[in-house]
Amino acid sequence: MIKISVINRGHQQLPAYATPQSAGMDLRANLDEPVTLQPMERRLIPTGLYIALPEGFEAQVRPRSGLALKHGVTVLNTPGTIDADYRGEIGVVLINLSQEVFVVNDGERIAQMVIARCEQGELVTVETLDETERGEGGYGHTGVK
């Protein structure tokens, strides 16, 4: 388990894993008043959290399955990436994909944050690529089985 420095400028508890084998920690809305999301509306919801990730790590902001299934509310840029050198407030871009108004309340669990190792790559220009069985087969190339 890696240590992540955090500043909590909000009034919510720190994110925590719900179970010993949970992949993500729940992020909570840190609001002075409820935020109403109309159908197809998107808003940046503050969390009050600021983190410093170790080099070689990222935090991924992902939707909560319950909000998506029950209310049609999801994280728009999924997964959202928090880079190791970012020091601003963590915000969650929520969108209401349902036909009903959705109200985000203070303290509501709005997303989950997954900590992951990440590598940087170096692009090297070449004239050809090695051949594979798949080749240039793209979307739907394997057909229906």
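Note that the structure is a prediction, hence the values are computed from the model and not measured. (Residues numbered from 1 in each chain as written. Predicted model: local features only at pLDDT ≥ 70, side-chain atom pairs only at ≥ 80, totals over all residues. Heavy atoms only, no water.)

Chemist: Honestly, the overall build of the protein in this entry has me stumped. Any pointers?
Modeler: Counting secondary structure elements, the protein contains one helix and 11 strands. Put simply, the protein runs from its N terminus to its C terminus through helices and strands in the order β-β-β-β-β-β-α-β-β-β-β-β. For the protein, the spread of C-alpha atoms along the three principal axes comes to 55 × 40 × 30 Å. Counting only contacts in the protein whose residues sit at least 6 apart along the sequence, the fraction spanning at least 24 positions is 70%. Approximately 10,300 Å² of the protein is accessible, and the part contributed by carbon and sulfur atoms is 49%. Averaged over its 13 positive side-chain charges, the protein has a centre that lies 9 Å from the centre of its 19 negative ones. (Helix = DSSP H or I, 4+ residues; strand = E, 2+ residues; numbered from the N terminus. Contact = heavy atoms within 4.5 Å. Areas by Shrake-Rupley, 256 points an atom, 1.4 Å probe, with all protein chains shown as cover. Lys, Arg positive; Asp, Glu negative; His and termini not counted. Charge placed at Lys NZ, Arg CZ, Asp CG, Glu CD.)

Chemist: Help me out: how do you make sense of the sheet that holds strand S6 (residues 57-62) in this one?
Modeler: Sheet strands associate in pairs through backbone hydrogen bonding, adopting either a parallel or an antiparallel arrangement. Strand order across the open sheet formed by four strands is S2-S11-S6-S8, with antiparallel pairing between neighbours. If you trace the sheet from one side to the other, it starts and ends with strand S2 (25-28) and strand S8 (80-82), each paired once. Across the sheet, the mean angle separating the axes of adjacent strands is 35° when strand polarity is ignored. Here six bridges tie S6 to strand S11 (residues 109-117), and the two strands are oriented antiparallel to one another. Paired with Gln60 across the strands is Val114, a residue of S11. (Pairing = 2+ DSSP bridges. Axes fitted to C-alpha atoms, helices over the stretch in contact; angles between N-to-C directions.)

Chemist: Even after reading the chapter, I still don't get the environment of Val75, so can you show me in this structure?
Modeler: Position of Val75 relative to the elements: it lies in strand S7 (residues 73-75). Judged by relative accessible area, Val75 falls into the buried class, the value being 3%. Sequence-wise, Val75 and Gly138 are 63 residues apart; in three dimensions their C-alpha atoms are separated by 26 Å. Look past the residues within four positions of Val75 in its chain and what remains in contact with it is Val61, Arg62, Pro63, Val92, Val93, Leu94, Ile110 and Ala111. (Buried < 20%, exposed > 50% of the residue type's maximum accessible area, 1.4 Å probe, protein only.)

Just geometry here; none of it tells us what the structure is for.
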